[in-house]
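This is what each chain is made of:
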Amino acid sequence: MTEPTTPANETTVPVLPCVSVDDTLEFYEALGFENTYKQTRPYTYLVMRRSGFELHFGKAPKDLDPAREDGGACLVMVDSVAPYHAAFVRAMRRAYGKVLATGRPRITRYRPGASRFSLVDPSGNTIVFVQRDEPMELDYGGSKRLEGLAKALDNARILREFKDDDRAAFRAVNSALRKFGEDAPAADRARALAVLISTSAALGEHGDEVPAWTAEMEGIALTEAEREQVEAELHNTLDLNND
């Protein structure tokens, strides 16, 4: 007798905690999601749909503090993350008059060529959009093949793109620039200054120092290819400029 097999046609749907139905609806609808189901009694249940995927929300635990941003998480696997980030940025500008780049809710930056970015919603859930061809193995904490300022820059990339920690990235690059900057290649110095500028924009801090960093960066002689790398890093600040 052969054992029955299950068909390979499964779908996994996360159920994320929802602290406020109204706030959750407002945020996701502003981003272009459609509310396909809403229930508040006898218990909370909410379904938001966008293109080919859904996010489901249920009642949040009593001790959930959205400020900790540890309520829930979900990966959304896509062919290319850049169009999603661009669409959400446009939607935020339309709905809020600015990009929600700090606080909660917010969207993390997207560096051209990166393989992921995140949305953090009003309940502190993190929705991570991940490119399907993202490498399976990553050098967390900085590649062992690098050293000095180059290693710090690689470490900052991981801190920002995979750990959503702009402050740690800023500190790592700022410290390394002071320690290794004098002897580092020109391209690395320029990229480090660009990282300080872009992380400062994300943190909403160090504004008084940005003009000096910008002047120093612009005074570094770079090849066209190196300049493009620096401009790609500075591209991160465009979505954070809400003036």
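Before going into details, it helps to say that this report is about the structure given with it. Bear in mind that the values here come from a model prediction, so they are computed numbers and not experimental data. Every residue gets a number counted from 1 within its own chain, in the order that chain's sequence is written. Owing to the predicted nature of the model, reporting of local features is limited to residues with pLDDT of at least 70; listing and counting of side-chain atom pairs is limited to 80 or more, with chain, interface and lining totals taken over all residues. Side-chain numbers come from the whole structure's heavy atoms, not from hydrogens or water.

## A look at the side chain of T24
Structurally, the position occupied by T24 is in helix α1 (residues 21–30). Whether two residues are in contact is decided by their heavy atoms, any of which lying within 4.5 Å being enough. With residues up to four places along the chain from it excluded, the contact list for T24 reads C18, L46, F57, P122 and S123. Helix numbering and strand numbering both begin at the N terminus, where a helix is a DSSP run of H or I of at least 4 residues and a strand a DSSP run of E of at least 2.

## So, the sheet that holds strand β6 (residues 106–107)
Overall, mixed pairing links the 4 strands, which are arranged β5-β8-β7-β6 in an open sheet. In this open sheet, the two strands that pair with only one neighbour each are β5 (73–78) and β6. Paired strands are those between which DSSP finds at least two bridges. Strand direction decides the pairing type here: strand β7 (residues 116–120) and strand β8 (residues 126–131), joined by 5 bridges, are antiparallel. Residue pairing for β8: R116 is matched across the bridge by V130.

## Notes on the pairing of strand β2 (residues 34–39)
Two elements, β2 and strand β3 (residues 45–50), share 5 bridges in a ladder whose sense is antiparallel. Bridge pairing in β3 places N35 opposite M48. The turn linking β2 back onto β3 is made up of 5 residues.

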